[in-house]
There are 2 protein chains.
Amino acid sequence: MSSKTVDKALQVLDMFTLKHPKWGLRELSRELDMSHTIVHRMLTTLEERGYVYRSVDTQKYELGIKLLELSNVVEQHFQISEIIHPIMHKIASETGESVVMTLLDNEEGVFSKIVESSQQVRFAGSVGRRSPLYIGASHKVILCHLPKDVQRRIVRQGAETHPDLVPSADALLQRLEEIDRNRWAYSAGETISDVAAVSIPLFDYGHKVLGSLSIAGPSYRLTEEVAQEILPNLERHRPELDSILSKVCFPTRRNFLLESLH
Amino acid sequence: MSSKTVDKALQVLDMFTLKHPKWGLRELSRELDMSHTIVHRMLTTLEERGYVYRSVDTQKYELGIKLLELSNVVEQHFQISEIIHPIMHKIASETGESVVMTLLDNEEGVFSKIVESSQQVRFAGSVGRRSPLYIGASHKVILCHLPKDVQRRIVRQGAETHPDLVPSADALLQRLEEIDRNRWAYSAGETISDVAAVSIPLFDYGHKVLGSLSIAGPSYRLTEEVAQEILPNLERHRPELDSILSKVCFPTRRNFLLESLH
DNA sequence: GAATATTGGTTCTATTATCGAACCACTTAG
DNA sequence: CTAAGTGGTTCGATAATAGAACCAATATTC
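Predicted, not measured: the structure shown is a model, and the values here were computed from it.

## Overview of the overall build of chain A
For chain A, the count of helices and strands is 11 helices and eight strands. Counting over 262 residues, chain A shows a buried share of 56%. Residue pairs in contact within chain A that sit at least 24 positions apart in sequence constitute 55% of those at least 6 positions apart. When the accessible surface of chain A is totalled, it reaches about 11300 Å², and 48% of it is carbon and sulfur.

## Focus: the interface of chain B and chain A
At the junction of the two partners, chain B supplies 63 residues and chain A supplies 63 residues. Counting each side, the surface lost to burial between chain B and chain A is near 5800 Å², with a carbon and sulfur contribution of 65%. When the buried surface of chain B facing chain A is broken down by residue, Arg49(B), Ile65(B) and Leu68(B) rank first, second and third, together holding 12% of it. Glu69(B) is the salt-bridge partner of Arg130(A), the closest N and O atoms lying 2.5 Å from each other.

## Things to note about the protein's contact with DNA strand D
Taken together, 18 residues lie near DNA strand D, and Thr5(A), Leu25(A), Arg26(A), Arg30(A) and Tyr61(A) sit nearest. For DNA strand D, the fraction of atoms within 4 Å of the protein that belong to sugar or phosphate moieties is 65%. Measuring from a base nitrogen of DNA strand D, one finds a side-chain N or O atom of Thr37(B) at 3.3 Å. Listed by contribution, the elements that provide at least two residues to the surface near DNA strand D are helix H1 (4-14), helix H2 (25-32) and helix H3 (36-48) of chain A together with helix H3 (36-48) of chain B. With four residues, H3(B) is the largest single contributor of residues to the surface near DNA strand D. Considered class by class, the residues forming the surface near DNA strand D number three nonpolar, nine polar and six charged.

## Quick word on the nonpolar core
Membership of the largest hydrophobic core comes to 104 residues, with the highest contact counts inside it found for Leu213(A) and Leu213(B). In this structure Leu213(B) touches Met88(B), Ile91(B), Val99(B), Val100(B), Met101(B), Val198(B), Ser199(B), Ile200(B), Leu202(B), Leu234(B) and Leu241(B), once residues within four positions along its chain are discounted. Counting 21 residues, the second-largest nonpolar core is a separate cluster that includes Leu133(A), Ala137(A), Ile142(A) and Leu173(A).

## A look at the relation of the copies chain B and chain A
Between chain B and chain A, the superposition needs a rotation of 180° and an axial shift of 0.0 Å, giving an RMSD of 0.1 Å. This pairing of chains is accounted for by a two-fold axis. Minimal C-alpha separation from the rotation axis in chain B is found for Val6(B), amounting to 2.4 Å. In this assembly, 100% of the residues forming the interface of chain B have copies in chain A that are likewise at the interface, indicating an isologous arrangement.

## Side note on the pairing of strand S3 (residues 98-105) of chain A
Residues and elements named next belong to chain A. The buried fraction of S3 is high, at eight of eight residues. Covered by surrounding structure in S3 are Ser-98, Val-100, Thr-102 and Leu-104 together with Val-99, Met-101, Leu-103 and Asp-105, the residues of both alternating faces. In the sheet, S3 pairs with strand S4 (residues 108-115) via seven bridges, with the strands oriented antiparallel. The residue of S4 that forms the bridge with Leu-103 is Val-110. Hairpin geometry of S3 and S4 is characterised by an intervening segment of two residues between the two adjacent antiparallel strands and by a positive phi of about 60° at Asn-106.

About the criteria used
- Residues numbered from 1 in each chain as written.
- Chains lettered and ligands numbered in written order.
- Predicted model: local features only at pLDDT ≥ 70, side-chain atom pairs only at ≥ 80, totals over all residues.
- Heavy atoms only, no water.
- Helix = DSSP H or I, 4+ residues; strand = E, 2+ residues; numbered from the N terminus.
- Buried < 20%, exposed > 50% of the residue type's maximum accessible area, 1.4 Å probe, protein only.
- Contact = heavy atoms within 4.5 Å.
- Areas by Shrake-Rupley, 256 points an atom, 1.4 Å probe, with all protein chains shown as cover.
- Buried area = accessible area lost by both parts, 1.4 Å probe.
- Salt bridge = Lys/Arg side-chain N within 4 Å of Asp/Glu carboxyl O.
- Near = heavy atom within 4 Å.
- Polar contact = N/O pair within 3.5 Å; in protein donor to acceptor, adjacent residues only side chain to side chain.
- Nonpolar A, V, L, I, M, F, W, Y, C, P; charged D, E, K, R; others polar.
- Core = buried A, V, L, I, M, F, W, Y, C linked by side-chain atoms within 4.5 Å.
- Least-squares fit on C-alpha atoms with pLDDT ≥ 70 in both.
- Pairing = 2+ DSSP bridges.

Structure below.
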């Protein structure tokens, strides 16, 4: 059993996103459909521990410095700065494009690390960005390695909520099978317009998908032909990345996903 | 009034540090002096929302990916990657040493951003590291701009808890006055052995200290003479940094500190 | 290999912390 | 001046929490 009170506090915390990083008390309580009293209590508690603070000039609540601290513990554990970052950097300099690491979390993909290329025109997406698994190469390459039942459910959701991006559920399922066979994916202009990406999946001991590694750049430069040429730059580093991620994966939440089948 | 339940959950979260990033349930409950039932409830709640997960091989709890997401919101808001990072990068390439941004939080200094130099031997400290204000140039340069009462209290604490680092409270207070006059500080081997640093304070609209900016490198290379020479590289960028931080400072927690005086 | 002491996890009820309507004091808009 | 915002507070009915006692499973001990 989980704590309802704490869950509410986390709901509050979850409202602070890139798109909406500042909230007024009443505004937030309306959005969450909670009494402003309780939101106020949650915020003061979070504030006392540095997770949140109230800006004096805007009079609104924002995320606090404490989160930088905690995220660093995660990064360190992930060995991102020590091992993964250098690898991504190497690929970026070899190909001249940005490199993105995506991780599977719950039923979504999260951009967890981005190394930008040095070119003037480059992919400069934002870390922490989270989107459904049916959009973009980096996400589809993950989706196609999940159990068929989950695939179908997510694709169906996609067809319902984003008919513009997923015009046909069946076509997407076929595409996923194709990606599965190839072990890599290419897409252009799906997550962000004018941005294309090539992606390979990353595995846990060679079994389950943990995420993906992608090279991303402007569509006009990163055509499907170019993508195929630079694919080996990604593949080359897969063994290392797999073995690191195997040790520091986030299996539990993925298990939630898998368990949800029965 | 703040929520006791939520506060307990945050206490749990706060236990995951760089030094101790993995916890067993019982181990954690003992350390926190809480019933294991409640710690368990907190952890499951945190787990459901991705703040924490339980590793399958170690059977221990660790911080989850959600925190990367939230920290990115903070970083974005701070405009670290957009504005501050380039400035720090410039200083690093000008001086050939690492550059560190420290922020005042509660009564401690937190390394909030580090740009490493490209030299083989370089300062490569860890972001998120938190230490008392009486240790190191980056922290003392903050401390000396706090109200005299606070200074005295913190220095006294330092003399009690770390007599090795603060042999004489009076000597340190004098040193702080000196730093205050100079508007910069130099230290060697205090926070980390063999590492020296030059620091300047960063202000909120020219009034209150928000943090500091430092150049850090190996003591043998970054002597006090060298430090003085490269000081202008820091000073040059102060106006920009001050104006950015003024807009995105974390005043509330600092106010806690100031209010605690009366 | 039986005994012991861990581990993570669950159940149940007396107790306690939480919730939310109603309430400030203050600012802004009309 | 009124009306409708804002953030913040109070207090009693109520619902969620705490924690002892309980598993089942694994490690450790002898």
